[in-house]
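Read off the chains here:
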Amino acid sequence: MSVLLSDLISCGLDAANRAAAKIREIHSSNDFRIKFKTSETDPVTVADIQSERTITSLFLGEEAAGSEDIGSDFSIPLLNLVKASSTPYDLDDILLFIDPLDGTYDFINERLGNVSILIGISSKSKPIAGIIHFPFMKDSKTGKDLQIWGGVGYGVNGIEQKTLTDEICIVTKSGTVGKYGTEEMSKLFEPAKFVSRGGMGAKIASVLMGEAHVVMATPAHPSSRWDICAGQALLNASGGVLTDIDGNEYLYEDDPLSSLKLTPHSESSEDASHSSASPSPSSQSQSSSLLSSSSSSSSSTSSFSSTTSSSSSSPSQTESDKETDEKLKEIRRLALHNQNGVLAYYPHLAGKFVEKFFERRNALKKQEQKS
C-alpha cells in the first residue's frame, strides 16, 4: 500500500490549522486543567489533549469530507494543499512524530510566541517532511497563522530566511536558566550571543528563519523524537542538519512510546495500547481503521473530567488519577531514551562555530579521561 507525501503534508497542514483553532479556543476560556508529567516544569493541559485528538482524527479522515481509501481500511483526506508529489511511499514505512502543543509551559505562562504544533513524518527511520505551526503568531504577508512546512522535494515554505553574518555565533538555547547544564555547554560556543527560547519548535524555527546560527540543547534537556522530527525534516530539506552533541543524526524508528503509525488494523479500537481514534465514516462498513499511538504529550493516557486538576498531588486526587499520573511519568521517562542533546544548524552558515564546539568538547572529554 502506498501513499503520496503531498497527501500526508496536506493532511498535516489542515490538521495543524484545526488544532491551532482548538488551542486558541481553550486559551481564551482560561480553562487549562493542568496536570504534571514529571515535574512542575513539564505540564500537560486539556489543550494538549484536544489538539492531539484533532490531529489524529483528521489523519484517519473522520473529520474531513472527500476522504479516499488508499488501500485496505485506511483513508486520508485529499485536500490538495500542496503540489502533488510523484514518488509514492510505502505506508508501512511511514511514522508520524507529533507534538500537539510544543511549549506547554510557555502556553500556561503566556509566552505564546514559543508555542507551536509539530508534525514530523518519517520513512525508513529518516525524516521526510515536517510542519511547525504557530497558533499565536501571524504571517506578515497573509495574516494567517505562521506555518513552516516542507520536506523531500519541497524545500522549506512559509518563511523568508534572513541573512546572518558570521561575525559572532548566535545560539538559541533553553529559557530555563541554570537547568540541564546549559551554562556549562554554552561556554563551548563562546564568544557568542545567546538567545533563550522555550519550545523546541520555536528554537529550530529561529535557525530556519535566519534569526540564529545554532540551536543547542544538552543531553539533560527533555527533548524527544516528537520535538525534533519536524524540525530535522525541514532542516534536511533546505541544506541544514540536526544531530546530537556528538554529531550523530537521529533515527526515527517505530517506537510505541513516541511514534504514531498509520496502520490498517482489523481489531477493535479498544485493543490500542495507548490511544486510538474511531474509524472514518467511509471505512465503517469494513474492518475498523485504527491509529495506534503514544503521542508527544503522552496525553492519550490521560482523560480530563469537568473538574479542574491543577496538580498531580491534589488532596482530592483519586487512586485512578494517581495511577494515571505515574503512568504519564513512566512513559515520559522511557520516551526520552537515546536522547543526547541537540545541535541544529546550516553548515554553510554555522559550520565553523560548530566545528569549534566539537574541538572544545573533545578536548574536555580527553581531560576528563585523564583525570
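Residues numbered from 1 in each chain as written. Predicted model: local features only at pLDDT ≥ 70, side-chain atom pairs only at ≥ 80, totals over all residues. Heavy atoms only, no water.

Before we go on, may I ask you to explain the overall build of the chain in this structure?
A count of helices and strands for the chain gives 8 helices and 18 strands. Across the 371 residues that make up the chain, the buried fraction comes to 54%. Counted over contacts in the chain with a minimum sequence separation of 6, partners at least 24 positions apart contribute 71%. In the structure as shown, the chain presents an accessible area of about 15900 Å², 47% of it carried by carbon and sulfur atoms. (Helix = DSSP H or I, 4+ residues; strand = E, 2+ residues; numbered from the N terminus. Buried < 20%, exposed > 50% of the residue type's maximum accessible area, 1.4 Å probe, protein only. Contact = heavy atoms within 4.5 Å. Areas by Shrake-Rupley, 256 points an atom, 1.4 Å probe, with all protein chains shown as cover.)

What should I look at first to understand the pairing of strand β10 (residues 145-151) in this one?
Note on strand geometry: in a regular strand, side chains alternate between the two faces of the sheet. Buried residues dominate β10, accounting for 7 of its 7 residues. Alternating positions in β10 separate into two faces, D145, Q147, W149 and G151 on one and L146, I148 and G150 on the other, with burial throughout. As paired strands, strand β9 (residues 126-138) and β10 are joined by 7 bridges and run antiparallel to one another. Considered in β10, the bridge of G130 is made with G150. Between the antiparallel neighbours β9 and β10 lie 6 residues, among them G143 with a positive phi of about 80°. As consecutive antiparallel partners, β10 and strand β11 (residues 155-157) are separated by 3 residues, and within that stretch G153 has a phi angle of approximately 85°, a positive value. (Pairing = 2+ DSSP bridges.)

Sorry if this is basic, but what is going on with the environment of S238 here?
Following the sequence through the fold, S238 ends up in the loop between α6 (225-237) and β15 (241-243). In this structure S238 comes out as partly exposed when scored by relative accessible area, which is 29%. A C-alpha to C-alpha distance of 5.3 Å links S238 and G155, two positions 83 residues apart in sequence. The residues touching S238, leaving out its near neighbours within four places in the chain, are V156, L208 and Y346.

It is not clear to me how helix α1 (residues 5-29) should be interpreted in this structure. Could you clarify?
Helical periodicity: at 3.6 residues per turn, an α-helix aligns residues three or four positions apart in one direction. Given a rise of 1.5 Å per residue, 25 residues ought to cover 36 Å, and the 36 Å separating the end C-alpha atoms of α1 matches this to within 8%. Two residues or fewer past α1, N30 is found with a positive phi of approximately 60°. (Expected span 1.5 Å × (residues − 1).)

Would you take a moment to explain the packing of aromatic side chains for this structure?
What characterises a pair of aromatic rings is the spacing of the ring centres plus the angle enclosed by the ring planes. One pass over the structure, following the stated rule, counts 6 aromatic pairs. Between F97 and Y252, the aromatic rings sit 5.3 Å apart at their centres with planes inclined by 75°, giving edge-to-face as the arrangement. Linking F97 in strand β7 (residues 94-102) with Y252 in the loop between β15 and β16 (260-264), this pair joins segments that are 155 residues apart in sequence. Taking the relative accessible area as the measure of exposure, Y252 reaches 0% and is therefore buried. Among the aromatic residues, ring-to-ring pairing joins F32, F107 and F136 into one connected group. (Phe/Tyr/Trp six-rings, centres within 6.5 Å; stacked < 30°, edge-to-face > 60°.)

Honestly, the pattern of salt bridges in this entry has me stumped. Any pointers?
Pairing is possible between side chains that carry opposite charge, provided their charged atoms lie close to one another. Enumeration according to the criterion identifies 12 salt bridges in this entry. With a closest N to O distance of 2.3 Å, E160 and K141 form a salt bridge. Of this pair, E160 sits in the loop between β11 and β12 (169-174) while K141 sits in the loop between β9 and β10, and the two are 19 residues apart along the sequence. Just as E160 is exposed, K141 falls in that class too. Across the pair E211 and K162 runs a salt bridge, and its minimum N-O distance is 3.6 Å. Here E211, found in the loop between α5 (200-208) and β14 (214-217), pairs with K162, found in the loop between β11 and β12; they are 49 residues apart in sequence, far enough to count as distant. A relative accessible area of 33% places E211 in the partly exposed class. The structure contains a network of salt bridges with shared partners spanning R24, K138 and D145. (Salt bridge = Lys/Arg side-chain N within 4 Å of Asp/Glu carboxyl O.)

In this structure, what is going on with the packing of α1 against helix α2 (residues 46-59)? I would like to understand it.
The description of two packed helices rests on the angle between their axes and on the distance between the axes. Across the interface, α1 lies against α2 with an axial gap of 8 Å and an inter-helix angle of 155°. In terms of orientation, α1 and α2 fall into the roughly antiparallel class. Here the hand of the crossing between α1 and α2 comes out right-handed. When α1 is examined against α2, the residues L8, C11, G12, D14, A15, R18, A19, K22, I23 and I26 are found in contact with a partner set consisting of V46, A47, Q50, S51, T54, I55, L58 and F59. Its residues assigned to classes, the contact of α1 with α2 shows 11 nonpolar, 4 polar and 3 charged. (Axes fitted to C-alpha atoms, helices over the stretch in contact; angles between N-to-C directions. Parallel < 35°, antiparallel > 145°, perpendicular 65-115°, else oblique. Left-handed = near helix turned anticlockwise from the far one by under 90°. Nonpolar A, V, L, I, M, F, W, Y, C, P; charged D, E, K, R; others polar.)

Is there a simple way to think about the sheet that holds β14 in this case?
By way of backbone hydrogen bonds, the strands of a sheet pair with one another, either parallel or antiparallel. Strand order across the open sheet formed by 5 strands is β13-β12-β14-β18-β15, with mixed pairing between neighbours. Each edge of the sheet is formed by a strand with only one pairing partner; in this case those strands are β13 (192-197) and β15. Pairwise comparison of adjacent strand axes, ignoring direction, gives a mean angle of 20° for this sheet. Direction of pairing for β15 relative to strand β18 (residues 342-345): antiparallel, over a ladder of 3 bridges. Across the sheet, the residue bridging to T243 is L343, located in β18. Each of β15 and β18 touches α6; the most contacted strand, β15, lies at about 140° to it. Against the sheet, helix α8 (residues 347-370) makes contact with β12, β14, β15 and β18, and its axis sits at roughly 150° relative to β18, the strand it touches most.

Looking at this structure, how should I read unusual backbone geometry?
With the exception of glycine, the majority of residues adopt a negative phi angle, and the majority of peptide bonds are in the trans configuration. Going from E190 to P191, the amide bond is cis rather than trans, its omega being 0°. With respect to the helices and strands, P191 occurs in the loop between α4 (182-186) and β13. Phi at K124 is positive, roughly 50°, even though this residue is not glycine.

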